[in-house]
Amino acid sequence: MKNMAKLVEEIKLAQRGGEGFGVVDDSENLNDMRYAEKLIFYGKVGDMSFFEALATLKVAEKVTEDDGSETLKGGAILLERSDIPGNPVNAKTGKPIGITGICQRIDSEFVALEIPFKSQAHTSDEARLANKDKPAKERQADMIKIYRISKEFDIDNYAASASKRCLPRKEIQEVEVDGKVVKKEVEVAGSTDYNEPTPGQRLRAARWLRENGEDIVDTLEAIGLSFE
């Protein structure tokens, strides 16, 4: 199948409006890589490797245009579902994994590598026009955009176990006490760690870098990895 992944300099965003891992994965074997790993380690964007494409991206900047729309500047990789290796499906239901779920697993690989990139569901102009008359909950993104979120990796940008996003937090809420509504500080749960890599992801990333990293040191340093 023809690879449709491409690099763009900026993305026009929408106008403002009012895989499960049931079995423990601790394998170091590169043959056990799953779709997000295969995409990043072996995928291509045009004539470039995926790592080379990542290295071209500048830190993303979201700019609000005069008409209220937003543009993401700094460059991005745009993926169609057909670019994702193996047409990933949910192990329990057998149904294709949605774009958001795919993004979560791609981000888990960025966490495993500790590189400052993020993926996000993106709706193409064609899909936006085709679905404009549908209720919001029925408008589904049809692409994935990958961009550089910061100069250096910061775990707090991800929903991973070491992230502040996954820690319980305190906030002020209105609660009823003795029949009266009062404001009270309560503790609420943090985000689930849906970007947490499996032990196997971390082991395979380390092994791939040991075996192949020296051949592309400059590219890896450009995306935030160092072999010092």
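Let me begin by describing the structure that accompanies this report. (Residues numbered from 1 in each chain as written. Predicted model: local features only at pLDDT ≥ 70, side-chain atom pairs only at ≥ 80, totals over all residues. Heavy atoms only, no water.)

1. A few points about the overall build of the protein
The number of helices and strands found in the protein is 6 helices and 9 strands. Projected onto its principal axes, the C-alpha positions of the protein cover 70 × 40 × 40 Å. Classification of the 228 residues of the protein by burial places 37% in the buried group. Accessible area of the protein: about 13600 Å², with a carbon and sulfur share of 47%. Between the mean site of the 34 positive side-chain charges and the mean site of the 42 negative ones, the protein shows a separation of 5 Å. (Helix = DSSP H or I, 4+ residues; strand = E, 2+ residues; numbered from the N terminus. Buried < 20%, exposed > 50% of the residue type's maximum accessible area, 1.4 Å probe, protein only. Areas by Shrake-Rupley, 256 points an atom, 1.4 Å probe, with all protein chains shown as cover. Lys, Arg positive; Asp, Glu negative; His and termini not counted. Charge placed at Lys NZ, Arg CZ, Asp CG, Glu CD.)

2. Comments concerning the pattern of salt bridges
On inspection of all chains with the given rule, the structure shows 10 salt bridges. The closest approach of N and O atoms between Glu28 and Arg210, which form a salt bridge, is 2.8 Å. A residue pair is termed long-range when its members are at least 10 positions apart, and Glu28 in the loop between strand 1 (6–12) and helix 1 (35–42) and Arg210 in helix 5 (residues 199–212) qualify at 182 residues. Given the relative accessible area of 33%, Glu28 is considered partly exposed. Of the residues examined, Arg210 reaches a relative accessible area of 54% and is grouped as exposed. A salt bridge links Glu187 to Lys170, with the shortest nitrogen-to-oxygen separation between them at 3.8 Å. (Salt bridge = Lys/Arg side-chain N within 4 Å of Asp/Glu carboxyl O.)

3. A short note on the environment of Glu171
Here Glu171 shows up in strand 8 (residues 169–177). Owing to a relative accessible area of 27%, Glu171 belongs among the partly exposed residues under this scheme. For the pair formed by Glu171 and Thr93, sequence separation is 78 residues and the distance between their alpha carbons is 37 Å. Filtering out sequence-adjacent residues up to four positions away, Glu171 remains in contact with Lys184, Glu185, Val186 and Val188. A polar atom in the side chain of Glu171 sits 3.5 Å from the side chain of Arg169. At 2.7 Å, the side chain of Glu171 and the side chain of Gln173 are in polar contact. (Contact = heavy atoms within 4.5 Å. Polar contact = N/O pair within 3.5 Å; in protein donor to acceptor, adjacent residues only side chain to side chain.)

4. Examining the packing of aromatic side chains
By the definition in use, this model includes 5 aromatic pairs. Between the aromatic rings of Phe41 and Phe51, the centroid separation amounts to 5.7 Å while the plane-to-plane angle is 80°, which identifies the pairing as edge-to-face. One end of the pair, Phe41, is in helix 1; the other, Phe51, is in helix 2 (residues 50–55), with 10 residues separating them in the sequence. Both residues of the pair, Phe41 and Phe51, count as buried. (Phe/Tyr/Trp six-rings, centres within 6.5 Å; stacked < 30°, edge-to-face > 60°.)

5. A few points about the side chain of Thr219
With respect to the helices and strands, Thr219 occurs in helix 6 (residues 217–222). We classify Thr219 as buried; its relative accessible area is 17%. If we skip the residues at most four places from it in the chain, Thr219 touches Phe51, Glu52 and Ala55.

6. Looking at the packing of helix 3 (residues 99–113) against helix 5
In the contact formed by helix 3 and helix 5, the axes pass within 9 Å of each other and the chain directions differ by 60°. On the basis of the axis angle, helix 3 is oblique to helix 5. The handedness of the crossing between helix 3 and helix 5 comes out as right-handed. Residues Arg105, Ser108, Glu109, Val111, Ala112 and Leu113 of helix 3 form the contact with helix 5, whose own contacting residues are Gln201, Arg202, Ala205 and Leu209. A per-class count over the contact of helix 3 with helix 5 returns 5 nonpolar, 2 polar and 3 charged. (Axes fitted to C-alpha atoms, helices over the stretch in contact; angles between N-to-C directions. Parallel < 35°, antiparallel > 145°, perpendicular 65-115°, else oblique. Left-handed = near helix turned anticlockwise from the far one by under 90°. Nonpolar A, V, L, I, M, F, W, Y, C, P; charged D, E, K, R; others polar.)

7. Focus: the environment of Arg34
With respect to the helices and strands, Arg34 occurs in the loop between strand 1 and helix 1. Sequence spacing of Arg34 and Gly86 is 52 residues, and the spatial spacing of their C-alpha atoms is 8.8 Å.

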